[in-house]
Every structure is written in C-alpha cells, then in structure tokens.
Amino acid sequence: MAEAHSAVAFSFSITHEGWDINYDREVLDLVWQSGVRSWKKRLARFRTGVRNGVYPAHLQSLWLVIAIAIGLHFTHRHVPFDLVNKWLTVLPGDSLQWQLTACSLAGLVVWLSICYTMRYSLKLLLMYKGWMYEKRAPGSKVALKTRLWGLCVKILATWNKPGLYSFQGSLPRLPLPSVQETMSRYLRTVRPLLDDSNYQRMERLANEFQKGIATKLQRYLVLKSWWSTNYVSDWWEEYVYLRGRGALMVNSNFYGIDAIFMHPTKVQSARAASVVNLLLQFRRTVERQELEPILVQGLVPLCSWQYERIFNTVRAPGIESDKIIHYQDSNHIVVLYRACYYKVIIYHNGRLLRPCELQIQIEHILQQREEKPQPGEELLASLTAGDRTKWAQIRQTVFAKGVNRTSLHTVESAAFVLSLDEKPFEFDLAHPEKLDQFGRYLLHGNGHDRWFDKSFTVCVGSNGRIGFNAEHTWADAPVMAHVWEYIVAEEATNKRYDENGNPVGIPEFEPPTPKRLTWDLNDKVALDAIDEAHLAAQKLLNDVDLRILVHDAYGKGLMKTCRLSPDAFIQMALQLAYYRDAGKFSLTYEASMTRLFREGRTETVRPCTIESAAWVKAMLNESVSVEERVRLLNAACERHQLGYQDAMCGKGIDRHLFCLYVVSKYLEIDSPFLQEVLSEPWRLSTSQTPHGQTSKMDLKKHPNCISAGGGFGPVADDGYGVSYIVAGEDLIFFHISSKKSCGTTSSERFAQAICRALADMKHLFEEYRSLQKKGISNGAKSDKLSSK
C-alpha cells in the first residue's frame, strides 16, 4: 500500500471539525509541468500542421499577399476577380476597417489559391519516375526531359526549407499495376525456378486467373486505390504483422549493432545516459518536425509517415489481431536491470535531463544489485516473446487491474525501454564468434531481458557497447537505421565524454530517483503462463544459428571499378553462393522501399532471374570464357537493377498479388494460382541496411563511425536470412541466420560460400582486365607491323 499512498497527489476528508485537504506540492508541480508541456506540444503541432498544409508556399508570404491586396485596393487598382468589392458586398459596411477586412480576406483567397497550385504542381512533378531509369555511370547523359523536370522540382521544393512532414501532401499515391503487367513480370521471375512442365502448368494457372476472377478482384483494388492513401500499407500492416500469431522474437523483430570500430567509453552508465539523451533529442526533432526529410539525390522526397511512431509506441497483443498503440507524449523511459523494472523520469524543471544527470539515475539502478525480482518478474518479458494469443489472454485477465495494470501501462507508454545487460558486447577480428554472440544478444537476448512489444529496446553491454532490438510492425528497418545513424554520428562528431569516460557537464540538480515497478504475479495462472512462454522462447532462441561475416577483402570501391551497382553485385554473389550451398536456385526476397509514394513501405525485388541463373551456371562451367561470364554478369546486374527500379516505382509483383489475395478472401473466392504463389517459401531472404541518411554522417572525416548494420531471423525453416551493409570502400558486413534444426542449412557454411563467391567475382574481373590489356597490347603491335 505504500506505493499507492505515495502516488496520491492530494486527499480530501470531512471530520466533525470541518473539512481538510492534504496535498503534495511536488506531485502537483509535476502535474502542472506535464500539462504545460502537453499544451505547448499541441500548439506546436497546430503551427507545424498549418505550415505543412500550405507547403511549398511559405506561411509568412500570406502577409505579403495581403499587403499587395491592400495596396492595389487603395490605389484604385483591381484585385484579381474583383475579390475585395465582392467581399464588401457581404460585409456589414464599407468603412476603412471593413475595407481592410475585405482586403485581408481577398488576400487569403489568392494566397490559398497560389499555395494549392504550387502544391499540386509539385505532386504532378513527383509522379514522374523517368529519373529513376536514367543511367548514372560516368559519361552518361541525362535526358533533356529529366533535366527540365529536375529544375522545376528544385524551384518548387527547395526555396522554402521543408519540415519533416512538409512533403506528405505532395507525394503521389502508389499506382496500381494492371493484372497483365504483374502476370508477365511474375512468370518471368519463376522461369529459372521451374522445369518446362511445371512452368507450363504455372503459365496455365496464371492465364486462367487473368482471364477469370482477376478482373473482378482488380476492380475492387482500383476502387481502394482511388479511395485510400495507399492501397497496400494498411492491409500489409494488418495481415502480415498484426494478425500473425507466432512469436515476435526472432520471427519478426530485428536488431542493430553499434559502430564496432568506435568505443567512446567503457562505462556502462555513461554510454547508456548519452544514448538515452540523444534518443530524446531525436524525438524532440521529430515532434517539432525539425528533422530534415530524406531527399533522394538531394531532390526527391521520401515519405516520412513512419517516423510518427518511433517513440511512445507499443504493439499490444490481441486474441485474433494485435494493435499498435501510440501515445502522444511520454515523460519517462523504463529500465530493465537484473530482471527488475524501473520507471525513470526524463524531464525535470521543464527540460530534458542532460547525460550527466541521466547517469546519476542509471548509476542508482546499477547499485541495486541486491534487489531481487518479485515472484514471476524475472521471466515476465517472456510473455512478449511467445505466442500472441496466449499473451493476449493473460493480459486480459492477470494484467486487467491493480498494480499489474499500472505497471504494464508504465512499460507500454514509455518512450522506449533500456536494457542494462550484465554481459559485455565484444568485437575482435581474431575471434569472430564474439561478434556472432553480440548479434545473438541483440536478436533475442536470453528470451526475457527485452520487451519485444515495444517499438524498440536499447541494449547496453557491461563494457559500454550498445545495440537495439526493434519491433517491425510500426516501421521498416531504414527508419530505425536513421535513428541509429544519428546517435553514432553525434557521438563521433561531438565530445560527449571526459577523460574518465563519463558524460561531460555538471548536474544542475538532483534528478528524480528511479521508481521500482511492482507486480502481483504470485498465482498459478500467471506463473504457469510465464513459464510456458519462457520454455517456448528458449526453444526458439536455441535454434538460431547466427553468423556475422566481416568481409574486408574489398568493398564498394572495387565494385565501382567494375561499373556495377554494389547492391546488384552483392545479390549476384548471394545467388552464386546459394546455388553452391543448396545445389539449386530458390525464390529470393530482397526488400526495397516504396517511400517515393505516400505511406509507402516495402516491395519485393526478386534477384533470382533468368539472367542471374545463366551467369551462375556459366561460373560453374569451366568451358565458358571469361568474356562471356562478364557479359552475362553485366546482363544479370542490369536486369536486377531494372527490377529494383520497377519495385521502387510501384511496378512490383508481390504486393499487388498480396492485395488481390486479400480481396479474394473477403469475397470468399478461391484462386489456385494465388494460393500457390503466396505459399511459396522465401528460402533466401535478403535486405540491405542503408546508411548516409543523415548529413551528420561524414565517413571521410570519421571513417570508423559506420555501424555494423543489423540482422533478422530466417524466414523459412530451411532457408537463410541475410542482411548486409556496404560499410565502406573495403568493408561489407553480412548477418546470416538459419535454424540449427534444419539439416540442410549452416550459417557458417553459407558465410564461406559468400566469401568464395565474392573472391571468384574479383578474380573474374582481374582476368577480364588482364585479357583486355593483352588485347590492346597485341592490337598495338599488329598496327606497328602493318605500318612497317
């Protein structure tokens, strides 16, 4: 009961002597500050909302237009369409005051007309995607049409500095491809995977679908594409993520690793305090919309919609479907240490706590080593790692009232969760198993030291290295990579630690003491559910085979000399490695973004193509010449690049087929074609981690501040999950995952196959250049002989 009494701000009582009010001034002061902060944020949101609503016009230009209207009126010149006189006819009078009012209203109408003309002009310009297909190799010429388009976009989009969400109203909607286009693309991608008889069968199914129910399904999608902002994203979030009943840990959540060549401090509390402060600064830039929107090639904006839910967000379990809950504000984080949960206030005296002040709070928690978890608390987070329906059932009963409900709300409404691990996160090139273990700590921990429902959990090792585990529903990996890049760049470019490894600065006051959360889990139903979830989590995490490959033989520097896209180059290496590992080709998934469109998320690129298969077979055939192999590789990379461009421009395959399948389920229409397509396993699932999303990241000045990227679990039981980041001119990180229970896969073996494939590709181009030099030399000699 002590906790309940301390939480009461005031009490009211009536006695025989009258009435009496007791109140806690400090708590009421906290309530007042919270209210003031909330209203300030509301006003800021309103102001930025108005600014974004009229972008690319400038809000201050309204006063200029009104001044021009007043000047025209009082110099007896007509405002366009005689708007001033028209307003005067409906106003109560024509005195000076009413004339100024009429001029202001006329100016407002003209200004809004200009604003929306500019806005929809920009939207029309952004619908053009021809720039995506322009060649960027040295010496290539850009088409006149694209140059003129770029000039118009630059004039409209860059004269007024945009906020984070300024372009949202100008982004076009995701276009809906025709069924015929999607069928044609799909059949082309499955050709290398099927023999002649199976391909003919699939062709027949596709033709029957296209000529049959596809027309009806497409009509509903056309209607949805007209009505909704994005015809894919809401269904993708609902059916792919929220309705999934399996565990989030390993299956859905992903992780990100520290910049492993930097180690700014070995003091755990100092690093934790600095990272928490930087994350809260990033949250403030998002809330104030001071974060610069990402512009492709410095010109074309990406959708920023996913940034809204980075902080104060949780995926709450449901019986049939989960839901994303986003809290508008949160003045605390939750710290998990030695299986105990602490609420840490991050605001005091009307401002964010500084790193030196946050360190005091974290040190206080680290000193609570003698604190013992309450019954059931130690394994509590296992509930978020297990079956979603079972977690929802327990949540509706055990966590429906009392201290459990209060403490659960505290965790779920926190800005994010901070986990202070008791183990070091290590990296040593001579001992690659240490980096593998680093990745495992972040992917799943021990199954109960990460709150997998939260948008993300920051993990800090006992030696000061950091990482994160992120839930996937609320956003895709590039958004979290942007946050992480900001943290790494800030720590690399600014002095944040003193010579002892502690945060610079002197605390101005004693920050609020962290409060231990209490739970009432000492009953059989709760304890049995927690134990069951714990056992399931242990079984899942013990089956993970994770290998992080540090490939430092070469990086994008050599790939550029080959005049090939680094992404296409790596994807071809993965195709060669997989064929050698499995002895066959497999359906391959590569994630690409569709954020060139409003509320866009991802689309699938299928790197296994007719051209890539031909090149792989040529590499395994010793009778094929070097020139022919290079020609086939160039053709495979060009086809892959075209597939990636199509996916980004809304001409993908899999999201369209997915939406057609959803419509068919709503209409209760069975489609053998769609059922077979959507049941095909992705045995090789790949993704590239982007970097360079913030202007603060200058790798020339700070080459060691690149993150090692991150990874995810395997999508198929008998497949691989591969995430990679091209970390520099001579460095690539590969995060390779598979399942130990599968007898046909091995992450270590596949890592070796990747290294071999990359080495063979390097050797191929070295041979090709050598042959070219010999050809030039022999040609020169023959010219000399003929001249003699």
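Residues numbered from 1 in each chain as written. Predicted model: local features only at pLDDT ≥ 70, side-chain atom pairs only at ≥ 80, totals over all residues. Heavy atoms only, no water.

Points about the overall build of the protein chain
To be explicit about the condition: Starting at the N terminus, helices and strands are each numbered in turn, a helix being any DSSP run of H or I of at least four residues and a strand any DSSP run of E of at least two. Radius of gyration here uses only the C-alpha atoms, and the compact-globule reference equals 2.2 Å multiplied by the residue count raised to the power 0.38. Three labels apply to residues, based on accessible area from a 1.4 Å probe with only protein chains included: buried if under 20% of the type maximum, exposed if over 50%, partly exposed otherwise in between. Contact definition: two residues touch when any of their heavy atoms are within 4.5 Å. Areas reported as accessible are Shrake-Rupley estimates using a 1.4 Å probe. Residue values count occlusion only from the protein chains shown. In this tally, Lys and Arg are treated as positive and Asp and Glu as negative; His is ignored, and so are the chain termini. We put the charge of a Lys on NZ, of an Arg on CZ, of an Asp on CG and of a Glu on CD.
The helix and strand tally for the protein chain stands at 24 helices and 22 strands. Relative to the 2.2 N^0.38 estimate, which gives 28 Å for 788 residues, the radius of gyration of the protein chain is 30 Å and therefore close to what a compact globule would have. Taking all 788 residues of the protein chain together, the buried fraction comes to 54%. For the protein chain, long-range pairs separated by at least 24 residues make up 77% of all intrachain contacts whose partners lie at least 6 apart in sequence. For the protein chain, the exposed area adds up to about 36,200 Å²; of that, 55% sits on carbon and sulfur atoms. Taking the average location of the 95 positive side-chain charges in the protein chain and that of its 84 negative ones, the two points are 7 Å from each other.

Some remarks on empty space enclosed by the protein
This is how it is decided: Put simply, the grid is 1 Å and covers the protein atoms alone, a cavity is a trapped set of points that fit a 1.4 Å probe, a pocket is an open set with protein on both sides within 12 Å along at least five of seven lines, and lining residues have an atom within 4 Å of a point. Grid points are joined across faces, edges and corners, and a volume is the space filled by probe spheres set on the points. Here the term charged refers only to Asp, Glu, Lys and Arg, the term nonpolar to Ala, Val, Leu, Ile, Met, Phe, Trp, Tyr, Cys and Pro, and the term polar to all other amino acids, Gly among them.
Taken as a whole, this structure holds 1 cavity of 30 Å³ or more when the rule is applied. A volume near 100 Å³ is recorded for the largest cavity. As for the largest cavity, its lining consists of 16 residues, of which Leu174, Val232, Thr594, Thr602 and Arg655 are closest to the centre. At the level of elements, helix 10 (233–242) and strand 18 (602–605) are the ones that each hand at least two residues to the lining of the largest cavity. The residue makeup of the lining of the largest cavity, split by class, is 7 nonpolar, 6 polar and 3 charged.

Re the packing of aromatic side chains
For clarity, the cut-off: Here the aromatic set is Phe, Tyr and Trp, taking the six-membered ring for Trp, and pairing holds for ring centres within 6.5 Å; pairs whose planes are under 30 degrees apart are stacked, those over 60 apart are edge-to-face, and all others are tilted. As a reminder, the over-ring test applies to NZ of lysine and CZ of arginine, requiring each to be within 6 Å of the ring centre and within 35 degrees of the ring normal.
Applying the stated criterion to the full structure yields 29 aromatic pairs. When the ring of Phe261 is compared with that of Phe733, the centres are 6.5 Å apart and the planes differ by 45 degrees; the resulting orientation is tilted. In this pair, Phe261 is assigned in the loop between strand 3 (254–257) and helix 11 (268–287) and Phe733 in strand 22 (residues 731–739), connecting sequence segments 472 residues apart. Residue classification places Phe261 among the partly exposed residues on the basis of a relative accessible area of 32%. By the ring-pair criterion, three or more aromatic residues cluster together here, those being Tyr341, Trp391, Phe399, Trp451 and Trp519. Across from the ring centre of Tyr199, 4.5 Å away, lies the NZ or CZ of Arg191, which sits over that ring. The residue whose ring lies beneath Lys224 is Trp235, and the NZ or CZ to ring-centre distance is 4.3 Å.

A word on the confidence of the model for the protein chain
Rules: Per-residue confidence from the predictor is given as pLDDT, running between 0 and 100.
For the protein chain, per-residue confidence averages 89 on the pLDDT scale, and residues scoring 70 or more make up 91% of the total. pLDDT under 50 marks residues 1–10. Its contacts with residues more than four places away, or in other chains, come to 10 contacts. Here residues 780–788 is modelled with pLDDT under 50, and outside its nearest four sequence neighbours on either side it reaches 0 contacts, counting other chains as well.

Observations concerning the nonpolar core
We count it as follows: We call a set of buried residues a nonpolar core when its members are Ala, Val, Leu, Ile, Met, Phe, Trp, Tyr or Cys and they connect through side-chain atoms within 4.5 Å of each other.
By size, the foremost hydrophobic cluster in this structure holds 117 residues, and its most contacted members are Tyr307, Phe416, Leu418, Leu420 and Phe673. Ranked by the residues each element gives to this core, the list is headed by helix 11, at 9 residues. Contacts of Phe673, omitting those with residues within four sequence positions, involve Met183, Tyr186, Met202, Leu205, Ala206, Phe209 and Leu657. Counting 46 residues, the second largest nonpolar core, distinct from the first, contains Leu549, Met572, Val626 and Ile736.

Describing the sheet that holds strand 15 (residues 515–516)
Neighbouring strands of a sheet are bound in pairs by backbone hydrogen bonds; such pairs are parallel or else antiparallel. The line we're drawing: One bridge is not enough; two strands pair if DSSP finds at least two bridges between them. A fitted line through C-alpha atoms serves as each axis, taken over the contacting stretch for helices, and the angle formed by two N-to-C directions is quoted from 0 to 180°.
Spatially, the 8 strands line up as an open sheet ordered 15-9-8-12-13-14-3-20, and their pairing is mixed. Single-partner strands in this sheet number two, and they are strand 15 and strand 20 (710–711). Sitting on the sheet, helix 15 (residues 432–443) touches strand 3, strand 13 (456–460) and strand 14 (466–470), and the angle it makes with strand 3 is about 135 degrees.

Regarding unusual backbone geometry
Backbone geometry at Gln289 places phi at a positive 60 degrees, although glycine is not the residue there. Among the secondary structure elements, Gln289 is positioned in the loop between helix 11 and strand 4 (295–296). Using a relative accessible area of 10% as the deciding quantity, one classes Gln289 as buried. Of note, Gln297 is a non-glycine position whose phi angle comes to about 55 degrees, a positive value. For Gln297, the position within the fold is in the loop between strand 4 and strand 5 (300–301). Given the relative accessible area of 54%, Gln297 is considered exposed.

Re the UniProt feature "domain: Choline/carnitine acyltransferase" (unreviewed entry) in the protein chain
Put simply, the test is: UniProt positions are given in the numbering used here, feature names are shortened, and annotations may be inferred rather than shown by experiment.
Listed under "domain: Choline/carnitine acyltransferase" (unreviewed entry) in the UniProt record, and renumbered for this structure, are residues 174–755. Counting secondary structure, residues 174–755 comes out at 41% helix and 16% strand; the distance between its end C-alpha atoms is 38 Å.

Comments concerning helix 15
Basically, it comes down to this: Each residue after the first adds 1.5 Å to the expected span of a helix.
With 12 residues, helix 15 extends 17 Å between its outermost C-alpha atoms, agreeing within 8% with the 16 Å of an ideal straight helix rising 1.5 Å per residue. Every buried residue of helix 15 is listed here: Leu435, Asp436, Phe438, Gly439, Arg440, Tyr441, Leu442 and Leu443. Packing partners of the buried residues in helix 15 comprise strand 3, strand 13, strand 14, helix 17 (524–542) and strand 16 (544–551). Looking one or two residues past helix 15, Gly445 carries a phi angle of roughly 55 degrees, positive in sign.

Section: helix 14 (residues 402–412)
Those residues of helix 14 lying buried are Asn404, Ser407, Leu408, Thr410, Val411 and Glu412. For helix 14, the elements touching its buried residues are strand 6 (313–316), strand 8 (332–337), strand 9 (340–345), helix 13 (388–397) and strand 12 (417–420).

Here's the deal with the UniProt feature "active site" (unreviewed entry) in the protein chain
Just so we agree on the cut-off: Distance and chemistry together define a polar contact, namely a pair of N or O atoms within 3.5 Å, with one atom able to donate a hydrogen and the other to accept it when in protein, and with adjacent residues in sequence counting only for side-chain atoms on both sides.
UniProt's feature table lists "active site" (unreviewed entry) at His472, given in the numbering used throughout. In this structure, His472 sits in the loop between strand 14 and helix 16 (477–493). Side-chain polar atoms of His472 contact the backbone oxygen of Ala475, separated by 3.3 Å.

Quick notes on the pattern of salt bridges
Just so we agree on the cut-off: Salt bridge criterion: a side-chain nitrogen from Lys or Arg within 4 Å of a carboxyl oxygen from Asp or Glu.
Inspection of every chain in the model, using the stated rule, returns 39 salt bridges. Close ionic contact of Arg639 with Glu611 constitutes a salt bridge, the shortest N to O distance being 3.9 Å. Within this pair, whereas Arg639 is found in helix 21 (residues 626–648), its partner Glu611 is found in helix 20 (residues 610–619), the two being separated by 28 residues in sequence. Taken together, the shared-partner salt bridges connect Arg245, Arg315, Asp322, Arg388, Asp453 and Glu471 into one network.

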